[in-house]
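Now for the letters of each chain:
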Amino acid sequence: MKVIDHLNAAKDTLFSFEILPPLKGANIQSIYDGIDPLMEFKPKYINVTYHREEFIYKEREKGLLEKIAIRKRPGTVGICAAIMNKYYVDAVPHLICGGFSREETENALIDLQFLGIDNVLALRGDSIKTESTFKPDPEGHKYAVELIEQIAEMNKGNYLVDDIQLAPTDFCIGAAGYPEKHFEAMNLSTDLLYLKAKVDAGAEYIVTQMFFNNQKYFDFVDACRAIGITVPIIPGIKPITTLNHISFLPKVFHIDFPEELSKDLIKCKSNKEVFEVGVAWGIHQSQELKKANVPGIHYYTMSTSESVKTIAEQIF
């Protein structure tokens, strides 16, 4: 079932969450261990992220360096199929621009359709760690809107090779939104125009990047509606659980902590104390969002379920 159909049929705020593929060498049980504690809250779908290949350099003869691609985490297609087979819940694979040609994107979508996976979250993706800026595949997409356009064309039966008659796909396409704007955007207004372009291209719902100030989400939704974005906008929540998160999350995701939250975090001396503050804040955020009748709350678990389970017990 498509995400948009779940949202349209819902009588209350939906619960969903996102997991990371396991590290290379880990087995599928590591995925199940993160999902099992959250199934009591009846998620309608589970997102599975995709991480780009990273590269190492090996020295060869005469001092030459060879660039070798390594894949630290398994891809999402097999994981999504495993989740759907075990839990009978819809899986939403992330599809990114980086590292994929248009042909490779098409092949991935054909595989997903074959497996009965009819949801995708279309993202540009991040730059790889060894590069300061995002560099697309020479034969790939530079922006998420281009990726969405390719998926939408396949939904119409238009493939890259137009002399072969193939059945149309039927993907529900999600897109990402940034209540505090994408860090590369000139300002929030231009970022919203890019978001509207993704919706106009075929995105049927939006899921936001994490935020810790609900007012920024509410203002973001109002701004979206003001420029004609009418699709559901699902808030994304990430519980703070470690001391490292205090500096890591603002630095990497370019987001702010509310003053009230930051005052409590500054007092924390251990991961346990941060966990307690983070969960309490996550409960506060979720209660306020649910009271506002948001279509769903999407939790970023990082494949560890304890904090999200503690929050969900109070909300769902």
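**A word on the overall build of the chain**
Inference 1: A tally of regular secondary structure across the chain gives 11 helices and 10 strands.
Inference 2: Rg of the C-alpha trace for the chain: 20 Å, near the compact-globule value of 20 Å for 316 residues, within the 12% margin.
Inference 3: With respect to the principal axes defined by its C-alpha atoms, the chain has extents near 60 × 55 × 45 Å.
Inference 4: Considering only contacts in the chain between residues 6 or more positions apart, those separated by 24 or more positions represent 74%.
Inference 5: In the chain, 34 side chains carry a positive charge and 43 a negative one; their mean positions are 5 Å apart.

**Some thoughts on the pattern of salt bridges**
Inference 1: For the structure on display, the rule yields 11 salt bridges.
Inference 2: A salt bridge links K196 to D200; the shortest N-O distance between them is 3.1 Å. One end of the pair, K196, and the other, D200, are both in helix α6 (residues 188-201), 4 residues apart, so they sit about a helical turn from each other.
Inference 3: Here K196 falls in the partly exposed class, since its relative accessible area comes to 23%.
Inference 4: On the basis of relative accessibility, which here comes to 56%, the residue D200 falls in the exposed class.
Inference 5: Among the salt bridges present, the one from E313 reaches K309, with a minimum N-O distance of 3.5 Å.

**Some thoughts on the side chain of T49**
Inference 1: Note on placement: T49 falls in the loop between β2 (45-48) and β3 (54-59).
Inference 2: Apart from the residues within four sequence positions on either side, T49 is in contact with E18, I19, L20, P21, T76 and H94.

**Some words on empty space enclosed by the protein**
Inference 1: Within this structure, the stated rule accounts for 1 cavity of 30 Å³ or more.
Inference 2: Of the voids in this model, the largest cavity is the one considered here, and its volume is about 30 Å³.
Inference 3: Around the largest cavity sit F212, I237, K238, P239, I240, G278, W281, G282 and Q285, which together line it.
Inference 4: It is helix α10 (residues 271-291) that provides the largest number of residues to the lining of the largest cavity, a total of 4 residues.
Inference 5: Residue composition of the lining of the largest cavity, by class: 5 nonpolar, 3 polar and 1 charged.

**Observations concerning the sheet that holds strand β5 (residues 90-96)**
The strands making up a sheet are joined through hydrogen bonds of the backbone, oriented either antiparallel or parallel.
Inference 1: In spatial order, the strands read β1-β2-β5-β6-β7-β8-β9-β10; together these 8 strands close into a barrel with parallel pairing. Strand after strand, the sheet turns through a mean of 30 degrees between neighbouring axes, direction not considered.
Inference 2: Strand direction decides the pairing type here: strand β6 (residues 119-123) and strand β7 (residues 172-177), joined by 3 bridges, are parallel. Residue pairing in the sheet places L121 in a bridge with G174 of β7.
Inference 3: Taken strand by strand, helix α7 (residues 214-226) contacts β7, β8 (205-210) and β9 (233-237), and its axis lies near 155 degrees from that of β9.

**Things to note about the environment of R225**
Inference 1: Positionally, R225 belongs in helix α7.
Inference 2: On the accessibility criterion, R225 (37% relative accessible area) is partly exposed.
Inference 3: Discounting residues that sit within four places of it in the chain, R225 has contacts with T230, V231, P232 and I233.

**Things to note about the nonpolar core**
Inference 1: Core analysis: the largest hydrophobic core is formed by 61 residues, its most contacted members being I19, I83 and I151.
Inference 2: Take this core: its biggest share by element is 6 residues, from helix α3 (residues 76-87).
Inference 3: Membership of the second largest hydrophobic core comes to 29 residues, among which are I4, C172, M210 and I255.

**Notes on helix α5 (residues 144-155)**
Inference 1: Compared with the 16 Å implied by 1.5 Å per residue over 12 residues, the 17 Å span of α5 between its first and last C-alpha is a close match.
Inference 2: When α5 is considered as a whole, its buried residues turn out to be A144, L147, I148, Q150, I151, A152 and M154.
Inference 3: Buried residues along α5 sit against β5, α4 (102-114), β6, β7 and α6.
Inference 4: Of the residues one or two after α5, G157 is the one with positive phi, at around 90 degrees.

**Notes on the pairing of β8**
Inference 1: Counted residue by residue, β8 has 6 buried out of 6 residues, so it is predominantly covered.
Inference 2: Bridge count between β7 and β8: 4 bridges; the pairing is parallel. Across the sheet, the residue bridging to A175 is I206, located in β8.
Inference 3: The parallel pair β7 and β8, bridged by α6, forms a crossover whose chirality is right-handed.
Inference 4: Both β8 and β9 contribute to a ladder of 3 bridges, which runs parallel. Of the residues in β9, the one forming a bridge with V207 is I234.
Inference 5: For the segment spanning β8, α7 and β9, crossover handedness is right-handed.

How each quantity is defined
Residues numbered from 1 in each chain as written. Predicted model: local features only at pLDDT ≥ 70, side-chain atom pairs only at ≥ 80, totals over all residues. Heavy atoms only, no water. Helix = DSSP H or I, 4+ residues; strand = E, 2+ residues; numbered from the N terminus. Rg over C-alpha atoms; globule rule 2.2 N^0.38 Å. Contact = heavy atoms within 4.5 Å. Lys, Arg positive; Asp, Glu negative; His and termini not counted. Charge placed at Lys NZ, Arg CZ, Asp CG, Glu CD. Salt bridge = Lys/Arg side-chain N within 4 Å of Asp/Glu carboxyl O. Buried < 20%, exposed > 50% of the residue type's maximum accessible area, 1.4 Å probe, protein only. 1 Å grid on protein atoms, 1.4 Å probe; cavity = no way out; pocket = protein on both sides within 12 Å on 5 of 7 lines; lining within 4 Å. Points joined across faces, edges and corners; volume = space filled by probe spheres on them. Nonpolar A, V, L, I, M, F, W, Y, C, P; charged D, E, K, R; others polar. Pairing = 2+ DSSP bridges. Axes fitted to C-alpha atoms, helices over the stretch in contact; angles between N-to-C directions. Core = buried A, V, L, I, M, F, W, Y, C linked by side-chain atoms within 4.5 Å. Expected span 1.5 Å × (residues − 1). Right-handed = clockwise from strand over helix to strand, strands pointing away.

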